[in-house]
Amino acid sequence: HLPFYAIQHGISYSNASLLLSYMGIASAIGRVALGYAADHLGKLKMLFLCTFGGAVSTFCWMACVSYPSLIIYAIFYGFFAGGIISLMPAVS
């Protein structure tokens, strides 16, 4: 949905596609960093933090209409989504 949203706000196809790359890189970093933090701070606490961070960043998405703001959104959401992906099996 993110590339289509970006295109609707006047961002080029190539830059809109790059948003998914930024999100994927942030997700990979979030999986490792938040998984490591969960080992020391607690899995459930970190899962809550990731869920809350993902929710807040998604609410902020509505205000993102420029390319730099969409990059920031993609990075933050990707980071927290990566944490959710890595922590969900450990908590279940």
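Here's what I pulled together on the structure shown here. (Residues numbered from 1 in each chain as written. Predicted model: local features only at pLDDT ≥ 70, side-chain atom pairs only at ≥ 80, totals over all residues. Heavy atoms only, no water.)

This brings us to the nonpolar core. Within the largest apolar cluster, 13 residues are counted, with the highest numbers of intra-cluster contacts made by Leu2, Ala6, Leu19 and Leu70. Of all the secondary structure elements, the ones that give two or more residues to this core are helix 1 (2–8), helix 2 (13–41) and helix 4 (67–91). At five residues, the largest contribution of residues to this core is made by helix 4. If near-sequence neighbours (up to four positions away) are discounted, Leu19 is found in contact with Leu2, Ala6, Tyr67, Leu70, Ile71 and Ala74. (Core = buried A, V, L, I, M, F, W, Y, C linked by side-chain atoms within 4.5 Å. Buried < 20%, exposed > 50% of the residue type's maximum accessible area, 1.4 Å probe, protein only. Helix = DSSP H or I, 4+ residues; strand = E, 2+ residues; numbered from the N terminus. Contact = heavy atoms within 4.5 Å.)

Further remarks concern the packing of helix 2 against helix 4. At a minimum axis separation of 6 Å, helix 2 and helix 4 run at an interaxial angle of 40°. Accordingly, the angle class assigned to the pair helix 2 and helix 4 is oblique. Two packed elements cross with a definite hand, and for helix 2 against helix 4 that hand is right-handed. When grouped by side-chain class, the residues that make up the contact of helix 2 with helix 4 number 20 nonpolar, eight polar and one charged. (Axes fitted to C-alpha atoms, helices over the stretch in contact; angles between N-to-C directions. Parallel < 35°, antiparallel > 145°, perpendicular 65-115°, else oblique. Left-handed = near helix turned anticlockwise from the far one by under 90°. Nonpolar A, V, L, I, M, F, W, Y, C, P; charged D, E, K, R; others polar.)

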